[in-house]
Amino acid sequence: MTKIIEEEESFSNDDLFNITSWGADLSFRELISMYDDNDLIKPDLQRKYVWSIEEASRLIDSILLGLPIPSIFLAKKEEKRLIIDGYQRIKTVYDFVYGIFEKTGKIFKLSNSKIINERWRGKAFKELTDDEQRRIRNTTIHAIIFEQKRPNNDSGMYQIFERINTSGRTLSSQEIRNCIYYGNYNNMLMVLNKNIIWRKLLNCGEDSRMVDVENILRFFAIKNLENTPDYFKNQIILKKYLNENMSINSNLSSEECQKYSDLFIKIIEKVYEVLGDVAFKNISYKKDKDDNYIYSDHFVNKFHPTIYEAVMMSFYYALEKKLDFSKVKSNHLNLLNDTEFRESISVRTTNIETIKKRISIATKYFFGVDYEWK
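The structure contained in this document is the topic of the report that follows. (Residues numbered from 1 in each chain as written. Predicted model: local features only at pLDDT ≥ 70, side-chain atom pairs only at ≥ 80, totals over all residues. Heavy atoms only, no water.)

**Observations regarding the overall build of the chain**
Definition in use: Helical segments are the DSSP runs of H or I of at least four residues, strand segments are the runs of E of at least two, and each set is numbered from the N terminus. To sort residues, take the accessible area from a 1.4 Å probe on protein chains only and compare it with the maximum for the residue type: under 20% means buried, over 50% means exposed, and anything in between is partly exposed. Here, residues are in contact when the closest pair of their heavy atoms is within 4.5 Å. Only the protein chains shown count as covering a residue, and every accessible area follows the Shrake-Rupley method with a 1.4 Å probe.
Looking only at helices and strands, the chain features 15 helices and 11 strands. Here the chain holds 374 residues, and the buried ones make up 53% of them. The contacts in the chain between residues at least 6 apart in sequence include a share of 73% that link residues at least 24 apart. Summed over all atoms, the accessible surface of the chain reaches about 18,500 Å², with 48% contributed by carbon and sulfur.

See the structure below:
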């Protein structure tokens, strides 16, 4: 997928200073109980359990030896705790106590490796002595817990997740949102991402970094731009704006989410019917000897986010206004070759006037009418 550098911009604001944090020593007995009661949550974004039996055995060995265990990071949301960092450690002890190594589905027995103390080498939890079992359950791990007091959103929490998570790779923006803003709205985005027509328009498998999910979110966020204070600013910080959209809609009802979903599907079906799988792609540009662009009809095989935004919004507008789609296909290449449109999808793309410009130009080319902005 095509990336636009200015849209990758991170941000920092005063929300970060409305975060409180404190330390707590939690026993694995408590953590296991919290996990069972769904009071301790592994967000969908968190990578699946990846430790080998040797790595897992080494942690249990350390606990039994009384060695210190690295701290975990949790985020408080209402009365629940989200695991920001430490899932591999928590799940290792959880699986060992319950007896099944979930990664393989087999009985969890400690490795026979020489790096494991011979007293419990090759043993399952139930094969340990009562004192050893108690030692595992009663061992405490230090947790650093964060809570955003105000404003009543998760803008600061997003920044904490972005900066602290140490799961082995830098998390994408949508992976972090998937962690923090769980609920009906996030679930809707995940389901829509599997839609067959959407996958045909993207012409690729699901993205492991959730860029495709972020683009679904992008449509809903831009569609609502006129109803936000950001509409009256010079530009948006895209990451922050998408965060705010997720936060505002995190408690959306199932019925409302269904309406959102139906709308998105209705639009992409019409897009695919009229423009096919090149709908969200750019064309390759060439210049003549005088440095002038030459008309092109060659599509580049990459999804382009700002073209997607313009096409989706113009089709949304046309469906709402019941406009005629008969000239859309014939004007598609003319739109992509338009000098102003080319500039609007590549330069100052988060500027409010630029967003409006590319949507308005697309609407004019496709349907011969002006997009009515507030």
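**Topic: the nonpolar core**
What counts is decided by this rule: Only buried residues count toward a nonpolar core. Its members are Ala, Val, Leu, Ile, Met, Phe, Trp, Tyr and Cys residues joined through side-chain atoms within 4.5 Å.
One finds Phe-264, Phe-280 and Phe-315 to be the most contacted residues of the largest nonpolar core, which totals 67 residues. In terms of residue count, helix α12 (residues 305-321) provides more of this core than any other element does, 11 residues in total. Apart from residues no more than four positions distant in its own chain, Phe-315 is found in contact with Ile-267, Lys-270, Val-271, Val-274, Leu-275, Phe-325, Val-328, Phe-366 and Phe-367. Judged by nonpolar contacts, the second largest core, of 35 residues, contains Ile-63, Val-93, Ile-136 and Ile-141.

**Describing the pattern of salt bridges**
Let me state the cut-off plainly: When a carboxyl oxygen of Asp or Glu lies within 4 Å of a side-chain nitrogen of Lys or Arg, that pair is called a salt bridge.
Enumeration according to the criterion identifies 22 salt bridges in this entry. With its nearest N and O atoms 3.8 Å apart, the salt bridge here joins Lys-357 to Glu-340. Here Glu-340 lies in helix α14 (residues 339-344) and Lys-357 lies in helix α15 (residues 352-367), a separation of 17 residues in the sequence. For Glu-340, a relative accessible area of 45% gives the class partly exposed. Through salt bridges that share partners, Lys-76, Glu-79 and Glu-147 make up one connected network.

**Here we look at the packing of aromatic side chains**
The description of an aromatic ring pair uses the distance of the two centres, along with the angle that the planes make with each other. Short version of the rule: Any two of the Phe, Tyr and Trp rings considered here, Trp counted by its six-membered ring, make a pair once their centres fall within 6.5 Å; the pair's planes then place it as stacked at under 30 degrees, edge-to-face at over 60, or tilted in between.
Enumeration according to the criterion identifies 31 aromatic pairs in this entry. Aromatic side chains Phe-220 and Tyr-260 sit 5.3 Å apart centroid to centroid with 40° between the ring planes, which places their arrangement in the tilted category. Taken together, the residues Phe-220 in helix α9 (residues 211-223) and Tyr-260 in helix α11 (residues 254-275) connect sequence positions 40 residues apart. A relative accessible area of 2% means that Phe-220 is categorised as buried. For Tyr-260, a relative accessible area of 25% corresponds to the partly exposed category. Aromatic ring contacts, followed pair by pair, group Tyr-185, Trp-198, Phe-219, Phe-220, Tyr-260, Phe-264, Phe-280, Phe-303, Tyr-308 and Tyr-316 into a single cluster.

**Notes on the sheet that holds strand β7 (residues 140-148)**
For clarity, the threshold we go by: Any two strands with at least two DSSP-identified bridges between them are counted as paired. To get an axis, fit a line to the C-alpha atoms, keeping to the stretch in contact for a helix; angles then go from 0 to 180 degrees between the N-to-C directions.
One open sheet accounts for five strands, arranged β1-β7-β3-β4-β2; its pairing is mixed. Looking at strand neighbours, the two that pair on one side only are β1 (19-27) and β2 (40-41), the edges of this open sheet. Pairing of strand β3 (residues 72-77) with β7 involves four bridges; the strand directions are parallel. Bridge pairing in β7 links Leu-74 to Ile-145. Lying over the sheet, helix α1 (residues 28-36) contacts β1, β2, β3, β4 (80-85) and β7, oriented at roughly 110° with respect to β1.

**Topic: the packing of helix α7 (residues 184-192) against α11**
The axes of two packed helices give the description: the angle between them and the distance between them. Rules: Orientation is classified from the angle alone, with under 35 degrees giving roughly parallel, over 145 giving roughly antiparallel, 65 to 115 giving roughly perpendicular, and any other angle giving oblique. The crossing is said to be left-handed when, going from far helix to near helix, the turn is anticlockwise and less than a right angle, and right-handed when the turn is clockwise. Each residue gets one of three labels, nonpolar for Ala, Val, Leu, Ile, Met, Phe, Trp, Tyr, Cys and Pro, charged for Asp, Glu, Lys and Arg, and polar for the others, Gly among them.
For the pair α7 and α11, interaxial distance at closest approach is 10 Å and the crossing angle is 30°. Viewed along their axes, α7 and α11 adopt a mutual orientation that is roughly parallel. Once α7 is placed against α11, the crossing between them reads as right-handed. On the side of α7, the interface is formed by Asn-184, Tyr-185, Met-188 and Leu-192, while α11 contributes Ser-254, Cys-257, Tyr-260, Ser-261, Phe-264 and Ile-265. Taken together, the residues of the contact of α7 with α11 break down into seven nonpolar, three polar and no charged.

**What to know about the environment of Thr-104**
Considering the arrangement of structural elements, one finds Thr-104 in the loop between β5 (100-101) and β6 (106-107). Placed 52 residues apart in sequence, Thr-104 and Ser-52 show a C-alpha to C-alpha distance of 9.7 Å.

Purely spatial values, then, with no claim about function.
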